[in-house]
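If you want the building blocks of each chain, they are given just below.
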Amino acid sequence: MNEPIPQAATTGFQGARVVLFESRMAEAMARSVASHGGEPISAPSLQEIPLDRNRGAFAFAEKLLAGEIDVLICMTGVGTRFLIETLSTRHETAQLVRALSRLTVIARGPKPIRVLKEYGIPVTISVPEPNTWQEIVQALDEDSRSLSLDGRTVAIQEYGVPNDQLIRALKERGAAIVQVPVYRWALPDDTRPMQQAIQRVIDGQVQFALFTNAVQILHVIRVAAEQGLERPFRKSLKRVVVASIGPTTSDALAQCDVGVDFEPTRPKMGPLIDELARRAEVLVKEKTAAPAARTFPSRPDGSEPRALRHQSTFLKACRREPTSFTPVWLMRQVGRYLKEYRDIRNTVPFLELCKRQDLVAELTVMAVEKIKADAAILFSDILLVVEPMGLGLEYRAEDGPVISGRVASSAEIDRLAEIAPDESLSFVFDAVRLTRSALHPAIPLIGFSGAPFTLASYIIEGGTSKSFVETKRLMYTDPGAWRALLAKISRGLVRYLNGQIEAGVDAVQLFDSWVGCLGPRDYREFVLPHTQAVIRGLTPGIPVIHFGTGTGTFLKEMREAGGDIIGVDFRIELDRAWQAIGYEVGIQGNLDPVVLCGPRQEIRTRVQRILEQAAGRPGHIFNLGHGVLPSTPVDHVIAMIEDVHELSRR
Ligand code: CP3
């Protein structure tokens with residue numbers, strides 16, 4: 001299906017080198033660039049992979065056949081075809097086509113329309129160009145045949161990265177959303193052409209870079225980062241004319257802090273090359289005259305960055321090796337107590353912030369540098385795993401996180417989707433990679449997740465709770481359902497944390513923030529086996545910090561569940577806690593975060609007391625007993641960290 005080769009333009013590329021990151025249409029594009037007088041450099045940057053065990057899609061099929069779906073939005077042609085083909089491995093195609101034909105079907109552009117036609121599925125609404133989420137929503141709003149979305153269930157065939165803006169707009173109109181991930185992008189098997197193209201950009205041999213899809217830039221940056229070349233690549237790219245096929249791709253480039261110099265009048269490959277060739281000369285002149293100003297805070301990679309981190313005080317303490325001072329970092333060190341955070345947060349909703357890898361990297365690095373902590377923690381949230389389970393997640397200013405979807409019976413628990421992080425949480429992994437490349441090579445990066453109990457409590461209660469009545473009710477009345485829920489969460493957490501490890505975190509922390517509402521017996525019976533399963537499932541060699549609050553009465557059990565370091569809160573004295581845990585594992589803690597809101601001298605006194613309790617034993621990581629509070633003065637945080645360093649020096 002090659003696109004027609006456009007007519008040669010008057011000006012043309014005049015021998016300029018043009019990097020093409022397109023994969024499927026690589027050859028046609030290269031021919032087209034050559035016909036306009038350019039020298040194409042093909043660097044295919046992705047391949048589309050049908051999911052072998054596409055649980056999200058099969059869960060959609062169940063709902064579809066049960067008549068529980070009202071609207072289907074088909075985002076891409078390839079995706080629509082994959083969806084039907086994948087489902088046809090389990091269900092009869094004719095039956096699927098009948099069920100799909102009963103829905104209001106929205107096609108984002110001509111490609112999904114073509115596929116739907118092939119199967120004889122009527123298209124209710126065709127979305128006009130440039131086919132972004134805005135046009136989809138507008139088409140729905142305007143179409144007189146479409147009923148109100150209020151109370152209807154809308155399935156979205158997703159392409160690669162979920163489109164949060166679309167999802168939010170549909171939810172605002174009262175729709176329930178079913179996300180149907182049907183394929184994911186992977187790096188091509190052979191990344192050498194990408195590596196060569198990156199090198200040629202760095203060497204100043206390239207004048208144009210063409211992006212034809214939103215995922216390409218992520219892959220290109222990833223490959224550059226893996227070679228330790230992200231910084232020079234980004235710098236050199238500023239001297240290259242960056243052309244994007246359309247708004248969605250431009251958005252992705254902007255999110256990665258890559259400026260876009262050119263977009264065609266229509267989001268198609270033909271116009272892209274045609275129109276670009278026509279303006280080539282002018283664009284190159286503009287580019288060399290006025291280079292873009294903003295640079296991403298990337299760092300030069302050390303020759304042996306991992307080795308540098310291996311010798312950091314934080315990772316040494318995780319291994320219980322002696323250090324010249326006690327390392328310190330703070331839970332919630334990236335948060336509202338920092339003006340830099342509030343400034344960004346004023347313009348970007350929290351959940352979106354977590355999904356924007358450029359901002360995640362920026363915030364994570366900013367915080368660790370500002371307060372001079374000895375480790376960075378990825379800016380993210382423990383609750384991100386609930387969306388992939390098929391539940392709704394919102395952060396409200398008044399009542400904190402709100403999780404929607406009932407999880408009270410064993411049938412409802414069975415219906416929760418397995419967490420498949422490679423599809424649904426890959427943005428976290430991308431953020432880890434970007435953060436790692438932006439962070440000083442000697443500073444370790446901590447990844448994290450909630451522990452099974454704390455996550456289950458959020459899911460069951462629908463948000464934050466004081467008494468955990470519903471959580472305990474399920475535990476006591478239907479222990480089988482409880483176990484099924486915790487086992488499902490735990491399986492997902494193993495995949496999620498191992499994904500973070502693979503992406504480059506140096507340690508992981510499990511937050512069991514609310515487990516202290518239980519006593520030792522219940523902890524042993526209802527929590528320990530699940531947390532243990534998570535920790536046992538993690539990639540060996542990466543330290544695990546196992547944190548909980550209110551755990552003074554079952555520290556031994558917590559330790560039995562696992563972890564190289566046990567995190568404790570301020571409700572117990574650190575020396576007693578360590579004694580109870582045993583000195584064969586390390587300890588993290590445990591200054592009361594409220595102390596930071598008090599006088600400076602009191603902070604220093606209490607830091608001193610905790611250090612005395614740790615008695616210089618290897619394996620102590622200084623931290624708060626819980627997260628930094630929003631009202632904390634930043635200078636108190638900075639002073640406290642200096643106190644820890646100074647008072648522990650040996
Ligand atoms: O530690 C860090 O700096 C990394 C980022 C991080 C956040 N949440 C950012 C966040 C981490 C590690 C978390 C973990 C987390 N999230 C926990 C475990 C730690 C703990 O405090 O017990 C829990 C229970 C959550 C769930 C959560 N997220 C709640 C209850 C809330 C609302 C209350 C609050 O503190 O704002 C959030 C939102 C949240 N997570 C914010 C931040 C910076 C504030 C969001 C905002 O700006 O409005």
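Since this is a predicted model, take the numbers as computed values, not measurements.

1. Notes on the pattern of salt bridges
Inference 1: Counting across every chain of the model gives 31 salt bridges.
Inference 2: One salt bridge connects Asp-164 with Lys-355, and the closest N-O pair in it is separated by 3.2 Å. With Asp-164 in helix α7 (residues 164-172) and Lys-355 in helix α16 (residues 350-355), this residue pair connects regions lying 191 residues apart in the sequence.
Inference 3: With a relative accessible area of 14%, Lys-355 lands in the buried category.
Inference 4: Residues Arg-356 and Asp-358 are paired through a salt bridge, measuring 3.1 Å at the closest nitrogen-oxygen approach. A single burial state applies to Arg-356 and to Asp-358, both of which are buried.

2. Comments concerning the packing of aromatic side chains
Any two aromatic rings considered together are summarised by their centre-to-centre distance and by the angle between their planes.
Inference 1: Per the counting criterion, the structure on display carries twelve aromatic pairs.
Inference 2: Geometrically, the ring pair formed by Phe-453 and Trp-482 is tilted, given 6.0 Å between the ring centres and 55 degrees between the ring planes. With a gap of 29 residues between them, Phe-453 in helix α21 (residues 452-461) and Trp-482 in helix α23 (residues 479-503) connect regions that are remote in the sequence.
Inference 3: A relative accessible area of 0% places Trp-482 in the buried class.

3. Quick notes on the nonpolar core
Inference 1: Formed by 125 residues in total, the largest nonpolar core has its most connected members in Phe-314, Trp-329 and Met-640.
Inference 2: For this core, the element with the highest residue contribution is α23, accounting for eleven residues.
Inference 3: What Met-640 contacts, discounting residues up to four positions off in sequence, is Leu-330, Leu-591, Leu-596, Ile-603, Val-607, Phe-622 and Leu-624.
Inference 4: Grouped together as the second largest cluster of nonpolar side chains are 30 residues, Val-223, Ala-224, Val-242 and Val-258 included.

4. Things to note about the confidence of the model for the protein chain
Inference 1: This prediction gives the protein chain a mean pLDDT of 90; 94% of its residues lie at or above 70.
Inference 2: The low-confidence segment residues 1-9 (pLDDT under 50) makes 24 contacts with residues lying over four places distant or belonging to another chain.
Inference 3: Counted against residues more than four places away or in other chains, residues 291-304, with its pLDDT under 50, gives 32 contacts.

5. Observations regarding the sheet that holds strand β2 (residues 39-42)
Inference 1: Spatial ordering of the open sheet is given by β2-β1-β10-β11, a layout of four strands whose pairing is parallel. Edge positions in the sheet fall to β2 and β11 (241-244), since each has one partner strand and no second. If you compare each strand with its neighbour and ignore which way they point, the axes differ by 25 degrees on average.
Inference 2: Both strand β10 (residues 208-211) and β11 contribute to a ladder of four bridges, which runs parallel. Note on β11: the bridge partner recorded for Ala-209 is Val-242.
Inference 3: Sitting on the sheet, helix α8 (residues 192-202) is in contact with β1 (17-20) and β2, with an inclination near 130 degrees to β2.
Inference 4: Lying on the sheet, helix α11 (residues 247-255) is in contact with β10 and β11; it crosses β11 at an angle near 135 degrees.

6. Some details on unusual backbone geometry
Inference 1: In this structure, Pro-130 follows Glu-129 across a cis peptide bond, with omega equal to 5 degrees.
Inference 2: Summarising the element assignment, Pro-130 is placed in the loop between β6 (125-126) and α6 (133-142).
Inference 3: Residue Asn-590 is reached from Gly-589 by a cis peptide bond, and omega for that bond is -10 degrees.
Inference 4: In this fold, Asn-590 is placed in strand β19 (residues 586-591).
Inference 5: At Asp-257, a position not held by glycine, the phi torsion is positive, near 65 degrees.
Inference 6: As for its position among the elements, Asp-257 is in the loop between α11 and α12 (269-289).
Inference 7: In this structure, Arg-332 takes a positive phi of about 65 degrees despite not being glycine.

7. Concerning the packing of helix α26 (residues 574-581) against helix α27 (residues 600-614)
Inference 1: Where α26 meets α27, the closest approach of the two axes is 8 Å, and the angle between their N-to-C directions is 30 degrees. On the basis of their axis angle, the class for α26 and α27 is roughly parallel. Remark: the crossing between α26 and α27 carries right-handed chirality. Taking contact as the criterion, the partners of Leu-574, Asp-575 and Trp-578 in α26 are, on α27, Ile-610, Gln-613 and Ala-614.
Inference 2: Partitioned by chemical class, the residues of the contact of α26 with α27 number four nonpolar, one polar and one charged.

8. Some remarks on the side chain of Glu-158
Inference 1: Counting through the fold element by element, Glu-158 comes out in strand β7 (residues 153-158).
Inference 2: Although Glu-158 is buried, it makes no salt bridge; Lys-355 carries the closest opposite charge, 8.4 Å away.
Inference 3: In terms of polar contacts, Glu-158 uses its side chain to reach the side chain of Gln-179, at 2.7 Å.
Inference 4: Those residues within four positions of Glu-158 in sequence are excluded, and the remaining contacts are Ile-167, Gln-179, Val-180, Pro-181 and Val-182.

9. Focus on the packing of helix α20 (residues 426-438) against α23
Inference 1: Running from N to C, α20 and α23 point in directions that differ by 25 degrees, and their axes come no closer than 8 Å. It follows from the interaxial angle that α20 and α23 lie roughly parallel. For the element pair α20 and α23, the recorded crossing hand is right-handed. Contacts from Val-428, Phe-429, Val-432 and Arg-433 in α20 reach Arg-495, Tyr-496, Gly-499, Gln-500 and Ala-503 in α23.

The rules behind these values
Residues numbered from 1 in each chain as written. Predicted model: local features only at pLDDT ≥ 70, side-chain atom pairs only at ≥ 80, totals over all residues. Heavy atoms only, no water. Salt bridge = Lys/Arg side-chain N within 4 Å of Asp/Glu carboxyl O. Helix = DSSP H or I, 4+ residues; strand = E, 2+ residues; numbered from the N terminus. Buried < 20%, exposed > 50% of the residue type's maximum accessible area, 1.4 Å probe, protein only. Phe/Tyr/Trp six-rings, centres within 6.5 Å; stacked < 30°, edge-to-face > 60°. Core = buried A, V, L, I, M, F, W, Y, C linked by side-chain atoms within 4.5 Å. Contact = heavy atoms within 4.5 Å. pLDDT = per-residue confidence, 0-100. Pairing = 2+ DSSP bridges. Axes fitted to C-alpha atoms, helices over the stretch in contact; angles between N-to-C directions. Parallel < 35°, antiparallel > 145°, perpendicular 65-115°, else oblique. Left-handed = near helix turned anticlockwise from the far one by under 90°. Nonpolar A, V, L, I, M, F, W, Y, C, P; charged D, E, K, R; others polar. Lys, Arg positive; Asp, Glu negative; His and termini not counted. Polar contact = N/O pair within 3.5 Å; in protein donor to acceptor, adjacent residues only side chain to side chain.

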